[in-house]
Amino acid sequence: DGGITQSPKYLFRKEGQNVTLSCEQNLNHDAMYWYRQDPGQGLRLIYYSQIVNDFQKGDIAEGYSVSREKKESFPLTVTSAQKNPTAFYLCATQLKGVAKNIQYFGAGTRLSVL
Amino acid sequence: RKEVEQDPGPFNVPEGATVAFNCTYSNSASQSFFWYRQDCRKEPKLLMSVYSSGNEDGRFTAQLNRASQYISLLIRDSKLSDSATYLCVVIGTLNTGFQKLVFGTGTRLLVSP
């Protein structure tokens, strides 16, 4: 089944804990992105990666970290430094060149603080 | 001024009605525009790209007005299944020069029987 898989669907974080959100794709897309969505706000870019072993900060990278060791995978770690982590986290992919700038999204992970 | 601005709604319309949403953007250099649809507690899904000449896909028509810096989405013969939030998306630029998508906060549409 092709597409973008995010897991888990729901995640609860205890204070002071780091948690990792998974994003896997089998679309062979080059670029991957992490967004955060809060109620009443547009999606905000956390981190992006255009190629393997390279990633860059987006608008709101503080308190987050990522890695891109494989083309298919772009996990996001929400660290204890992120003081307001409760949000809907969305991973997206993009095929460079063709269909310029169109991004496709995974089903998302809802993170809540216990 | 926000990079992308949308009326949050909700727009309440009966089935069969025609409804239109506008979205204004601040970056006059933007070259790509999109409408995404997002159902409650789901991910956004691409509805249509917006081309300079305007484009139509079935009951949906998108228009771009560069002079006034807005894009529009027209939905004809509304269906119950059209109830969703419609996100306006334009191209923006990070301070690194990287082109990114900038999402509006969305316009909520409720179609009633």
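First, a word on scope: everything that follows refers to the structure included in this document. Everything numeric here is computed off the predicted structure, so don't read it as measured data.

On to the pairing of strand β9 (residues 87-94) of chain A, then. Residue and element names in this part refer to chain A. The element β9 is largely enclosed, with a buried count of eight among its eight residues. Burial along β9 is two-sided: A87, Y89, C91 and T93 and F88, L90, A92 and Q94, pointing in opposite directions, are all buried. Where β9 meets strand β11 (residues 109-113), three bridges bridge the pair, whose relative direction is antiparallel. Note that in β11 the partner of A87 across the bridge is L111. With two bridges joining them, β9 and strand β10 (residues 104-105) adopt antiparallel strand pairing. Note that in β10 the partner of T93 across the bridge is Y104.

With that settled, the discussion passes to the layout of surface pockets. The space that makes up the largest pocket amounts to roughly 670 Å³. Along the walls of the largest pocket sit 29 residues, with Q37 and R110 of chain A together with Q38, C40 and R41 of chain B positioned nearest its centre. Of all the secondary structure elements, the ones that give two or more residues to the lining of the largest pocket are β2 (10-13), β9 and β11 of chain A together with β9 (84-93) and β11 (107-112) of chain B. Class assignment for the residues of the lining of the largest pocket results in 13 nonpolar, ten polar and six charged. Of the voids in this model, the second largest pocket is the one considered here, and its volume is about 300 Å³.

Now for the side chain of Q37 of chain A. Relative to the elements of secondary structure, Q37 of chain A occurs in strand β4 (residues 31-37). Judged by relative accessible area, which is 14%, Q37 of chain A ranks as buried. A distance of 2.9 Å separates polar atoms of two side chains, one belonging to Q37 of chain A and the other to Q38 of chain B. With near-sequence residues (within four places) excluded, Q37 of chain A lies in contact with L43, A87, F88 and L90 of chain A together with Q38 of chain B.

Moving on to the state of the cysteines. Should the sulfur atoms of two cysteines be covalently bonded, the bond is a disulfide. Residue and element names in this part refer to chain A. One pass over the structure, following the stated rule, counts two disulfides over all chains. Paired through a disulfide, C23 and C91 show a sulfur-sulfur distance of 1.9 Å. Of note, the bridge from C23 to C91 carries an S-S torsion of about -70° and is left-handed in sense. Highlighted residues: C23 in strand β3 (residues 19-25) and C91 in strand β9, separated in sequence by 68 residues.

Let us now look at the nonpolar core. Of all hydrophobic cores here, the largest spans 24 residues; its most connected members are F21, W35, I71, L73, I75, Y86 and L109 of chain B. With residues up to four places along the chain from it excluded, the contact list for L73 of chain B reads V19, A20, F21, W35, L47, M48, F60, T61 and Y86 of chain B. One finds A31, Y35 and I102 of chain A together with L94 of chain B within the second-largest nonpolar core, a separate group that totals 20 residues.

Here we come to the sheet that holds β3 of chain A. Residues and elements named next belong to chain A. The sheet built from four strands is open, its strands ordered β1-β3-β8-β7 with antiparallel pairing. The open sheet terminates on both sides in strands that have one partner only, identified here as β1 (4-7) and β7 (64-66). Across the sheet, the mean angle from the axis of one strand to that of its neighbour is 20°, orientation sign disregarded. Strand direction decides the pairing type here: β3 and strand β8 (residues 76-78), joined by three bridges, are antiparallel. Paired with T20 across the bridge in β8 is T77.

The next subject is the interface of chain A and chain B. Across the boundary between the two partners, chain A contributes 24 residues, which contact 21 residues of chain B. Of the roughly 1800 Å² buried where chain A meets chain B, counting both sides, 57% is carbon and sulfur surface. Across the contact surface, chain A and chain B share one salt bridge. The salt bridge involving K100 of chain B is made with D59 of chain A; its shortest N-O contact spans 2.5 Å. The interface formed by chain A and chain B includes three residue pairs in polar contact (both at pLDDT 80 or more). Its residues assigned to classes, the side of chain A that touches chain B shows eleven nonpolar, nine polar and four charged.

Scoring rules and cut-offs
Residues numbered from 1 in each chain as written. Chains lettered and ligands numbered in written order. Predicted model: local features only at pLDDT ≥ 70, side-chain atom pairs only at ≥ 80, totals over all residues. Heavy atoms only, no water. Buried < 20%, exposed > 50% of the residue type's maximum accessible area, 1.4 Å probe, protein only. Helix = DSSP H or I, 4+ residues; strand = E, 2+ residues; numbered from the N terminus. Pairing = 2+ DSSP bridges. 1 Å grid on protein atoms, 1.4 Å probe; cavity = no way out; pocket = protein on both sides within 12 Å on 5 of 7 lines; lining within 4 Å. Points joined across faces, edges and corners; volume = space filled by probe spheres on them. Nonpolar A, V, L, I, M, F, W, Y, C, P; charged D, E, K, R; others polar. Polar contact = N/O pair within 3.5 Å; in protein donor to acceptor, adjacent residues only side chain to side chain. Contact = heavy atoms within 4.5 Å. Disulfide = S-S within 2.5 Å. Core = buried A, V, L, I, M, F, W, Y, C linked by side-chain atoms within 4.5 Å. Axes fitted to C-alpha atoms, helices over the stretch in contact; angles between N-to-C directions. Buried area = accessible area lost by both parts, 1.4 Å probe. Salt bridge = Lys/Arg side-chain N within 4 Å of Asp/Glu carboxyl O.

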